[in-house]
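# Coordinate inspection notes
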Amino acid sequence: MTFTAPTTYAEAKALMGTDVETPIGTLHCSGAGLHGVAGTPTEKFSINFHNAKGNVEISWSSRDGWVTLAEAKAKRWTTEWDKLPAQARKLIDLVLGEVLKAYPVDKRSDVNKLLRIAKRRLIKAGKLTLKTCGRCAGSGKYSYCQMHGDTCFGCGGTGKVLPATSDALRAAKK
Ligand SMILES: [Zn+2]
């Protein structure tokens, strides 16, 4: 069916289970989500459309209109990036900047993963060393619990943790 922008959440929900023409082809409407309070002027909602494999490819929302998965991922990445402390952003730029530039924003790893990768690179390059875990004082063991035994959560049992971002940044500038 031809897509007509819904004006209420009830209309959005009525599209569920139907095949709808979207800007990237006919897709199955798989779900509608309400953001805000139903039946009020602040009512905002979104609708997901999935392909034959069941993967969501594009969404429509009353706030942003059509958003492809790549656009949504790029937006999420940028939002997370903006939330990172300035030191962390600087560190990632210094160590991984060239690599990052080669990747489209929607294909980039999670920003916190990038931060860990940047620190590990500095360690590999001999500019930075792992720190003794403050939780277990380097023993790798902490108070016993049923699920994890006595493995320390802070370091995963290795007794070592990645250094603070400020230390890594100082090392990266050397
Ligand atoms: Zn530990």
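Please read these numbers as outputs of a predicted model, since none were measured by experiment.

About the thresholds
Residues numbered from 1 in each chain as written. Predicted model: local features only at pLDDT ≥ 70, side-chain atom pairs only at ≥ 80, totals over all residues. Domains from an automatic or database assignment. Core = buried A, V, L, I, M, F, W, Y, C linked by C-beta atoms within 7 Å. Buried ≥ 20, exposed ≤ 12 C-beta atoms within 10 Å, placed from the backbone. Helix = DSSP H or I, 4+ residues; strand = E, 2+ residues; numbered from the N terminus. Contact = placed C-beta atoms within 7 Å. Axes fitted to C-alpha atoms, helices over the stretch in contact; angles between N-to-C directions. Left-handed = near helix turned anticlockwise from the far one by under 90°. Nonpolar A, V, L, I, M, F, W, Y, C, P; charged D, E, K, R; others polar. Parallel < 35°, antiparallel > 145°, perpendicular 65-115°, else oblique. Pairing = 2+ DSSP bridges. Expected span 1.5 Å × (residues − 1). Arc of directions from axis to C-beta.

## Focus: the domain arrangement of the protein
Domain annotation for the protein reports domain 1 (9-72) and domain 2 (84-173). One C-alpha centre belongs to domain 1, the other to domain 2; they are set 37 Å apart.

## Thoughts on the nonpolar core
One finds Leu91, Ile92, Ala118, Leu122, Ala168 and Ala172 to be the most contacted residues of the largest nonpolar core, which totals 13 residues. The set of elements that each furnish at least two residues to this core consists of helix 3 (86-101), helix 4 (111-124) and helix 5 (165-173). Residues within four places of Leu91 in sequence aside, it is in contact with Leu115, Ala118, Thr165, Ala168, Leu169 and Ala172. In this structure, Ala12, Leu15, Leu27 and Phe45 belong to the second largest nonpolar core, which totals 10 residues.

## Focus: the packing of helix 3 against helix 5
Contact pair helix 3 / helix 5: the axes reach a minimum separation of 9 Å and the direction vectors enclose 35°. The way helix 3 lies across helix 5 gives a crossing that is left-handed. Packed against helix 3, whose contacting residues are Gln87, Ala88, Lys90, Leu91, Leu94 and Val95, the element helix 5 presents Thr165, Ser166, Ala168, Leu169 and Ala172 at the interface. Broken down by class, the residue content of the contact of helix 3 with helix 5 amounts to 7 nonpolar, 3 polar and 1 charged.

## Notes on the packing of helix 4 against helix 5
At a closest axis distance of 10 Å, the pairing of helix 4 and helix 5 adopts a crossing angle of 50°. The angle between the axes of helix 4 and helix 5 places the two elements in the oblique class. Classified by chirality, the crossing of helix 5 by helix 4 is left-handed. Between helix 4 and helix 5, the contacting residues are Leu115, Ala118, Lys119 and Leu122 on the first element and Thr165, Ala168, Ala171 and Ala172 on the second.

## A few points about unusual backbone geometry
Positive phi, close to 55°, is recorded for Ala137, a residue that is not glycine. Inspection of the secondary structure puts Ala137 in the loop between strand 6 (131-132) and strand 7 (141-145). Note on Ala137: 13 C-beta atoms within 10 Å, which makes it partly exposed.

## A few points about the pairing of strand 2 (residues 25-35)
With 4 bridges joining them, strand 1 (residues 19-22) and strand 2 adopt antiparallel strand pairing. Across the sheet, the residue bridging to Val20 is Leu27, located in strand 2. If you look at the hairpin formed by strand 1 and strand 2, you'll find 2 residues sitting between the two strands. Sheet analysis places strand 2 next to strand 3 (residues 44-50), joined by 7 bridges and oriented antiparallel. Bridging from a neighbouring strand, Gly31 pairs with Asn48 of strand 3.

## Things to note about helix 4
Between its first and last C-alpha, helix 4 extends 20 Å over 14 residues, near the 20 Å set by a 1.5 Å rise per residue. If you check which residues of helix 4 are buried, you get Leu114, Leu115, Ala118, Lys119 and Leu122. Buried residues in helix 4, looked at end-on, bunch into an arc of 135°, giving them a common side. Opposite its buried face, helix 4 presents the exposed residues Lys113, Arg116 and Lys124, each directed more than 90 degrees away. Buried residues along helix 4 sit against helix 3 and helix 5. Gly126, located one to two residues past helix 4, shows a positive phi value of around 80°.

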